[in-house]
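If you want the building blocks of each chain, they are given just below.
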Amino acid sequence: MTLLSLLMVSFPEAIMVATLGFLLVGLKPWWRDLLIIGSLQAVFAYIIRLLPVPFGLHSIFEIFLFILNIRLVTRLPYRIVILASLFGLIFYGSVETVAIQFMLHIKGFSLTDIWNYTFLRIFYFLPQALVMLIFIAACKIFNISLIGYSQEYSRSGNLSRKEIQDNLKADIVNNHNLVIFVVVLLPVLLLAILNMAFEAARLNIFPGEHFNIFNGLIGILIIVLTVLSTIAFKKIGQYVEKEYEAKRAEENLKQIKQLIDSSRKQRHDFHHQLQTIYGLLECGSYERARDYIGRAFGDISKTGELIRTDNFSISALLYTKIGLAEARNIEMEIAVECSLRDMPLTPHEASSLLGNMIDNALEAVEDKNGEYRLVKVKIAREHGTYVIMISNFGDTIVPEIRENIFKTDFTTKKDHSGLGLSIVKDIVTKHRGSIEISSDTEETTFTVTIPFKK
């Protein structure tokens, strides 16, 4: 590599790759840093070309030195340096692969000619530089970034260099995603390197011993990628689980909102009830006041008995559902025929399981009249299991729907997420229980069995 090639190719090449990489992660680089990075990388490239490094390996060495170069100059966290480097190198590698093949086809030169003649090397670099400049200009004009690292301060001109570095180090939004990003990006970069190596081997400028060394190094990188892929899949699974937990929490919040709305309605109604009772007492109509209280609050004794069950979370959940049923003018019959103290469900699981099943039953009879506006809940112990039976007089569940009713996002109702019964199924499966549906023209019953806690 000549000094002219160093100045006209390696130096601007490193600056453009670094600039594009930083812009794609949402950061604005300093020109002083870019000039230092370009100068150091040009020197690194010059030294590597002089060393007896096997063909193909020099590109890999330059990549590692490029990452180290950016880290030393900018003092940014490694996760951001690695991502910025990979983004810039991938775009440049793709552009170089297409541009060189296109120019070779038009002009009829070979890769050997390009490497051996400085002016040819500069001439073939110009279209690559033009495309890179277009990418950089587009990112700057339209604020394009593939990863939103610290967006709230990355484009601010009021922060000092040290403040931005400290904020980036404390940024945990994408801190744990580095492995996933590397697993996605690194194979693309390796494909670009392999493409150039394949072209060199096709033109017989890839010595056999160099090819063996290069092939061995690629094998090592594949092993590393396999390990990183395993870790990435695990992390993706964790993120999916967290997203699912968030959906569960959303469903619980909806139930809480329903309870709050019901409580507000009951409080409003209770205020009027008290005024009526007070008026009857003031008039001396004690018998009429007693009858009125009996009709209006006939369920108080039943609710009081319910609260005295020995599993507070389940009792509280059933109490709130009674309130929701009363607000909708739906009757609920609840029979708890056993101790609930050893129920293996956590309070969150008990609320999700019973809450979703009761809500579905209440919705099933919402459009019914008279005696059909009834939901029955029964909890008992049979043959080493807890048995939960929830019945309603809603529409029949046809066999076609039963096959899909527990699938995530499946619903036959408008404006529903379809998560309720899916959550129920997950909880039942987790505790090695079972769930059955019986439905005919008269009654629909969901029966859940949960084994005793060992």
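Whatever comes next refers back to the structure up there.
Residues numbered from 1 in each chain as written. Predicted model: local features only at pLDDT ≥ 70, side-chain atom pairs only at ≥ 80, totals over all residues. Heavy atoms only, no water.

Draft legend 1. View of helix α16 (residues 420-430). Listed in full, the buried residues belonging to α16 are Gly 420, Leu 421, Ser 422, Ile 423, Val 424, Ile 427 and Val 428. Once α16 ends, the next one or two residues include Arg 432, with phi positive near 55°. (Buried < 20%, exposed > 50% of the residue type's maximum accessible area, 1.4 Å probe, protein only. Helix = DSSP H or I, 4+ residues; strand = E, 2+ residues; numbered from the N terminus.)

Draft legend 2. Geometry of the sheet that holds strand β1 (residues 331-336). The five strands lie next to each other as β1-β2-β3-β5-β4, forming an open sheet whose pairing is mixed. Each end of this open sheet is capped by a strand with a single partner; those strands are β1 and β4 (434-439). Neighbour to neighbour, the strand axes of the sheet diverge by 10° on average, direction disregarded. Pairing between strand β3 (residues 385-392) and strand β5 (residues 444-451): eight bridges, direction antiparallel. Looking at β5, one finds that Val 387 is bridged to Thr 449. Relative to the sheet, helix α13 (residues 312-327) contacts β1 and β2 (374-382), its axis offset from that of β1 by approximately 160°. (Pairing = 2+ DSSP bridges. Axes fitted to C-alpha atoms, helices over the stretch in contact; angles between N-to-C directions. Contact = heavy atoms within 4.5 Å.)

Draft legend 3. View of the packing of helix α2 (residues 31-50) against helix α3 (residues 57-74). Where α2 meets α3, the closest approach of the two axes is 10 Å, and the angle between their N-to-C directions is 150°. Relative to α3, α2 is oriented roughly antiparallel. Seen from above, α2 lies across α3 with right-handed handedness. Residue-level inspection shows Asp 33, Ile 36, Ile 37, Leu 40, Gln 41, Phe 44, Ala 45, Ile 48 and Arg 49 of α2 in contact with α3, the latter providing His 58, Phe 61, Glu 62, Leu 65, Phe 66, Asn 69, Ile 70, Val 73 and Thr 74. In terms of residue class, the contact of α2 with α3 is built from eleven nonpolar, four polar and three charged. (Parallel < 35°, antiparallel > 145°, perpendicular 65-115°, else oblique. Left-handed = near helix turned anticlockwise from the far one by under 90°. Nonpolar A, V, L, I, M, F, W, Y, C, P; charged D, E, K, R; others polar.)

Draft legend 4. Representation of the pattern of salt bridges within the structure. Under the defined criterion, the tally for this structure stands at seven salt bridges. When the shortest N-O distance is used, the salt bridge between Arg 290 and Glu 287 registers 3.8 Å. With Arg 290 and Glu 287 both in helix α11 (residues 286-296) and three residues apart, the pair spans about one turn of that helix. Note on Arg 290: relative accessible area 56%, which makes it exposed. (Salt bridge = Lys/Arg side-chain N within 4 Å of Asp/Glu carboxyl O.)

Draft legend 5. Examining the pairing of β2 more closely. By the bridge criterion, six bridges tie β1 to β2 in an arrangement that is parallel. Each bridged residue has a counterpart across the sheet, and for Val 336 the counterpart in β2 is Ile 379. Bridge count between β2 and β3: eight bridges; the pairing is antiparallel. By the bridge assignment, Ala 380 is partnered in β3 with Val 387. The hairpin formed by β2 and β3 contains two residues between the paired strands, and His 383 there has a positive phi angle of roughly 50°.

Draft legend 6. Representation of the packing of aromatic side chains in the model. Per the stated rule, a full pass over the model turns up four aromatic pairs. Judged by centre distance (5.7 Å) and plane angle (85°), the ring pair of Phe 123 and Tyr 124 falls under edge-to-face. Residue Tyr 124 is classed as buried on the basis of its relative accessible area, which comes to 0%. Geometrically, the ring pair formed by Tyr 372 and Phe 393 is edge-to-face, given 6.2 Å between the ring centres and 75° between the ring planes. Placement of Tyr 372 in the loop between α14 (347-364) and β2 and of Phe 393 in the loop between β3 and α15 (399-402) is noted, with a sequence separation of 21 residues between them. For the cation-ring pair, Lys 425 lies above Phe 406, with the distance from its terminal atom to the ring centre recorded as 5.7 Å. (Phe/Tyr/Trp six-rings, centres within 6.5 Å; stacked < 30°, edge-to-face > 60°. Lys NZ or Arg CZ within 6 Å of the ring centre and 35° of its normal.)

Draft legend 7. Region of the structure containing unusual backbone geometry. Even without glycine at this site, Arg 75 takes up a positive phi of about 60°. By the element assignment, Arg 75 lies in the loop between α3 and α4 (78-107).

Draft legend 8. Region of interest: the environment of Val 183. Structurally, Val 183 can be placed in helix α9 (residues 178-202). Classification of Val 183 by relative accessible area gives buried; the value is 16%. In sequence terms Val 183 and Thr 226 are 43 residues apart; their C-alpha atoms lie 8.7 Å from each other. Other than its neighbours up to four places away in sequence, Val 183 contacts Leu 225, Leu 228, Ser 229 and Ala 232.

Draft legend 9. Highlighting the pairing of β5. Within β5, six of the eight residues are buried, which leaves it mostly tucked inside the rest of the structure. Note that β4 and β5 share six bridges and pair antiparallel. Bridged to Ile 437 within β5 is Phe 446. Counted along the chain from β4 to the antiparallel partner β5, the turn is four residues long.

Draft legend 10. Local environment of the packing of helix α1 (residues 3-24) against helix α6 (residues 118-142). Packing of α1 against α6 leaves a shortest axis separation of 10 Å and a crossing angle of 20°. Considering the angle they form, α1 stands roughly parallel to α6. Handedness of the α1/α6 crossing: left-handed. Across from Leu 4, Ser 5, Met 8, Val 9, Pro 12, Glu 13, Met 16, Val 17, Thr 19, Leu 20, Leu 23 and Leu 24 in α1, the residues of α6 making contact are Thr 118, Phe 119, Arg 121, Ile 122, Phe 125, Ala 129, Met 132, Leu 133, Phe 135, Ile 136, Cys 139 and Lys 140. Here the contact of α1 with α6 is composed, by residue class, of 18 nonpolar, three polar and three charged.

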